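Analysis of the macromolecular model
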Amino acid sequence: MKNVLILSFGSALSQLIIVACTPLLSRLYGTADFGNFYLFVSISSILTCVSTLKYELAIFLPKDVEDSLKVVNVSFLFIIFFAVLSFLCFSIIWLGSWFESALFSSSIVFLVPFTILVAGAVSVFNLWFNREKKYKTLIFIAILQSALNVAICLTYPHFFSSTFVGLILGYVGSLIISLMIYCTLFFNFLKGYLISYSSLFRNFFKLSALRATIRKYSSFPKFTLWSELFMIFSQQFLPFFFSLFFLPSIVGLISMANRLLRLPVIMISNSFWSIFRNSAMENVHSGLGLEIFFLKTLRKLCLLALFGSITSIFFLPYLFQFFLGEEWRMAGRFAQISLIAVALEFVSFPLTNVFVMTKKQHLLFKIQSGGFLVAIVGIFATYQLTKNPFCCLVSYSSCVSLQHLFLIFASYKIVKRSNTSDFIFT
């Protein structure tokens, strides 16, 4: 629990920097600017999720450092491949003028492949330092990244016209600085283990080692990739899908509501996710059962989610209007609709570790893919009937809520029925 509090505090502080400056940003940039920005983040996040084929999640599994480094090498190999592939795809899209949106008609869209490369590398290093329990390092970089993001976004309008480009440059620029720090710390870490750079790079280009690692953890691209993709799609779905039907200003309102509402998931639930996995592995390796630990975690998450929902649901429109400005009041109404779904995501997200730990990724994939497909059908049907963004959001939130309830129930069933031998770590 101590580590959860440490990571939660660091994550909360990094997010509070952005939240504290959001009232300034909401007055420098319009709702349409935020709509285009969130569309950029949505596309980048989805493609970044694909870029590693989720091999980076296997960084936790090997007991030996050098075996874990082989997983890092495999992850970087796929990141580079997908970054190049996406650059070619976006070049074709941009030259062919397939989309008329402000984002795709601008050359700024070529930052998407670069963002995949940088964000993918940051994700790999984040999990590496999490494996090594370097929580202070993770906190420092998270806070610095948020501060740089805000600084660039606030500075940009003083030198250039206030457009969504400033928001994108703040996002990408902060990722670049974070990656540079991670690289420096990572190579210093290798020195401590007496692992040379040449040895690391030799393994990177050693096909036999790469093939062996790819085969050993093949379950991650087969099952975990798809489940994680559906999860990230559910998180980034709103800006991407709503941009197909509604104006960027509506997309900006819905995306801002979703982003601010999901702060507890980012700040606290993500920390529970990291610590739950490490603590669960320690319990399993020591031969202890996992059911009691699972129920304690579930109870804490439910109490936090219930408290947050009850204390905020009636005041969201007024809070959005007060902090962000009059034009953002509607975002508060969108937030009210999404609150239950976000609260259930807060509870279910850390518990999904159970599916990976017991090699039940296929079950996670079935639940998430089923929920995602139902959400798409529901929102599309609702749009055809109503053409109303509020009704579409109600349909989407209902489907997502059911999906997270299934995830919680299935996680507990797996823990209750599994023996210690079912939790396999190599």
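Preceding block: the structure.
Residues numbered from 1 in each chain as written. Predicted model: local features only at pLDDT ≥ 70, side-chain atom pairs only at ≥ 80, totals over all residues. Heavy atoms only, no water.

**A look at the packing of helix α16 (residues 361–386) against helix α17 (residues 389–417)**
As a reminder of what qualifies: Simply put, an axis is a line fit to the C-alpha atoms, just over the touching stretch for a helix, and the angle between two N-to-C directions goes from 0 to 180 degrees. Here a helix means four or more residues in a row that DSSP labels H or I, a strand means two or more in a row labelled E, and each is numbered from the N terminus. Small angles under 35 degrees read as roughly parallel and large ones over 145 as roughly antiparallel, with 65 to 115 read as roughly perpendicular and the rest as oblique. Should the near helix be turned anticlockwise from the far one by less than a right angle, the crossing is termed left-handed; should it be turned clockwise, right-handed. Residue polarity follows a fixed list, in which Ala, Val, Leu, Ile, Met, Phe, Trp, Tyr, Cys and Pro are nonpolar, Asp, Glu, Lys and Arg are charged, and the others, Gly among them, are polar.
In contact at an axis separation of 8 Å, α16 and α17 are set at 165° when each is read in the N-to-C sense. Put simply, α16 runs roughly antiparallel to α17. Of the two elements, α16 crosses α17, and the hand of that crossing is right-handed. The class makeup of the residues in the contact of α16 with α17 is 16 nonpolar, 7 polar and no charged.

**Observations regarding the nonpolar core**
Cut-off, in case you're wondering: Nine residue types can take part in a nonpolar core, namely buried Ala, Val, Leu, Ile, Met, Phe, Trp, Tyr and Cys, and a core is a set of them joined through side-chain atoms within 4.5 Å. A simple rule labels every residue: compare its accessible area, found with a 1.4 Å probe on the protein chains alone, to the largest value its type can have, and call it buried under 20%, exposed over 50%, or partly exposed in between. When checking whether two residues touch, look at their non-hydrogen atoms; a contact exists if any pair is within 4.5 Å.
Core analysis: the largest hydrophobic core is formed by 125 residues, its most contacted members being Phe40, Leu103, Trp128, Ile168 and Phe242. When sequence neighbours within four positions are dropped, the list of residues in contact with Leu103 reads Asn36, Leu39, Phe40, Ile43, Ile108, Val109, Phe164 and Ile168.

**Details of the packing of aromatic side chains**
What counts is decided by this rule: When two rings of Phe, Tyr or Trp (its six-membered ring) have centres within 6.5 Å they constitute a pair, described as stacked for plane angles under 30 degrees, edge-to-face for angles over 60, and tilted for the intermediate range. Charges are assigned to positions over rings by a cutoff of 6 Å between ring centre and Lys NZ or Arg CZ, combined with an angular limit of 35 degrees from the ring normal.
The final tally for this structure, using the stated rule, is 26 aromatic pairs. Taking the centre distance of 5.5 Å and the plane angle of 85° together, the rings of Phe246 and Tyr383 count as edge-to-face. One end of the pair, Phe246, is in the loop between α9 (219–242) and α10 (248–261); the other, Tyr383, is in helix α16, with 137 residues separating them in the sequence. The two residues Phe246 and Tyr383 agree in class, both being buried. Joined through ring pairs, the aromatic side chains of Phe76, Phe125, Trp128, Phe129, Tyr182, Phe186, Phe187 and Phe189 make up one cluster. Looking at Lys387, its charged tip hangs above the ring of Tyr383, at a distance of 5.1 Å from the centre.

**Quick look at the pattern of salt bridges**
Spelled out, the test is: By definition, a salt bridge exists where a carboxyl oxygen of Asp or Glu is found within 4 Å of a side-chain nitrogen of Lys or Arg.
In total, this model carries 3 salt bridges according to the counting rule given. For Glu132, the salt bridge is made with Arg131, and the minimal N-O distance between the two is 3.0 Å. When its relative accessible area of 17% is taken as the criterion, Glu132 is described as buried. A salt bridge links Arg262 to Glu345; the nearest nitrogen and oxygen atoms lie 2.8 Å apart. Highlighted residues: Arg262 in the loop between α10 and α11 (263–285) and Glu345 in helix α14 (residues 329–351), separated in sequence by 83 residues. We classify Arg262 as buried; its relative accessible area is 10%.

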